[in-house]
Amino acid sequence: MSATSAAPHGAEAVSIAAERRWAVVVGVIIALLVAMMVITGLHWAAMPPSRVETIDVHTLHLKGEFVEGNLGTALGEDGKVTVRLIAQQYSFVPQCIVVPAEMPVTFRGTATDAIHGFVVGTTNANTMLIPGFVATFTTSFRKPGEHLMPCHEYCGTGHEAMWARVQVLPPEEFLARARGGERLSCVPR
Ligand code: CUA
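Note that this is a predicted model, so its numbers are computed, not measured.

**Quick word on the pattern of salt bridges**
Argument step 1. In this structure the tally under the stated criterion is 4 salt bridges.
Argument step 2. Where Arg-108 meets Glu-65, a salt bridge forms, and the shortest distance between an N and an O atom there is 2.5 Å. Taken together, the positions of Arg-108 in strand S5 (residues 105–111) and Glu-65 in the loop between helix H1 (2–46) and strand S1 (72–75) put the pair 43 residues apart, joining distant regions of the chain.
Argument step 3. Residue classification places Glu-65 among the partly exposed residues on the basis of a relative accessible area of 23%.
Argument step 4. For the salt bridge of Glu-146 with Arg-165, the shortest nitrogen-to-oxygen distance reads 2.5 Å.

**Description of the state of the cysteines**
Argument step 1. A full pass over the atoms with the stated rule returns 1 disulfide.
Argument step 2. Note on cysteine connectivity: Cys-96 is disulfide-linked to Cys-186, with sulfurs 1.9 Å apart. Handedness here is read from the sign of the S-S torsion; for Cys-96 and Cys-186, about -90°, the answer is left-handed. Placement of the pair is Cys-96 in strand S4 (residues 96–100) and Cys-186 in the segment after helix H2 (171–178), with a sequence separation of 90 residues. Just as Cys-96 is buried, Cys-186 falls in that class too.

**Quick notes on the sheet that holds strand S10 (residues 163–169)**
Argument step 1. If you walk across this open sheet you meet the 3 strands as S4-S10-S9, and the pairing is mixed. Two strands lie at the open edges of the sheet, namely S4 and strand S9 (145–150), each paired on one side alone. Taking each pair of neighbouring strands and ignoring which way they run, the sheet shows an average axis angle of 25°.
Argument step 2. In the sheet, S4 pairs with S10 via 5 bridges, with the strands oriented parallel. Directly across from Pro-100, in S10, lies its bridge partner Leu-169.

The rules behind the values
Residues numbered from 1 in each chain as written. Predicted model: local features only at pLDDT ≥ 70, side-chain atom pairs only at ≥ 80, totals over all residues. Heavy atoms only, no water. Salt bridge = Lys/Arg side-chain N within 4 Å of Asp/Glu carboxyl O. Helix = DSSP H or I, 4+ residues; strand = E, 2+ residues; numbered from the N terminus. Buried < 20%, exposed > 50% of the residue type's maximum accessible area, 1.4 Å probe, protein only. Disulfide = S-S within 2.5 Å. Pairing = 2+ DSSP bridges. Axes fitted to C-alpha atoms, helices over the stretch in contact; angles between N-to-C directions.

The following block contains the structure:
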């Protein structure tokens, strides 16, 4: 009888010890996860993300990437398509943007005066344009067609009237037009 009454006692002591060990292990895991969250959170809050690219607003139209002659769509020698655009109160330059369908397209844009932004139709091409910074993203358009590209950051009294158009061409047609190497747009001349 004493053996049977002693047995549950022993088992209980073992299970309590196991429970305690497990609690310590779980406690350590939780503490580690919280420490990771705090350290990475503070790290990212204290450091600018690596993709921040700045540009001097005052010389934007005079030299460098965003001079007027370089705006529009370019087909690089490496076959990459880059659209460069500028937003200002209250228009985009160029007013009509040409891109190929089914090919990666990199947008690079900035603003001259206030914070603007744009979204291309119902696609995921969407960014803010902030004076002093270059916004960039790469996307591709599934099928040829035409999209409206409104400014979606309130930028002043003319905000509602600020928009551009985006023409998505079949890839062959785009490549045929882009071969010359000049900057493309669909702004009527
Ligand atoms: Cu530009 Cu709103």
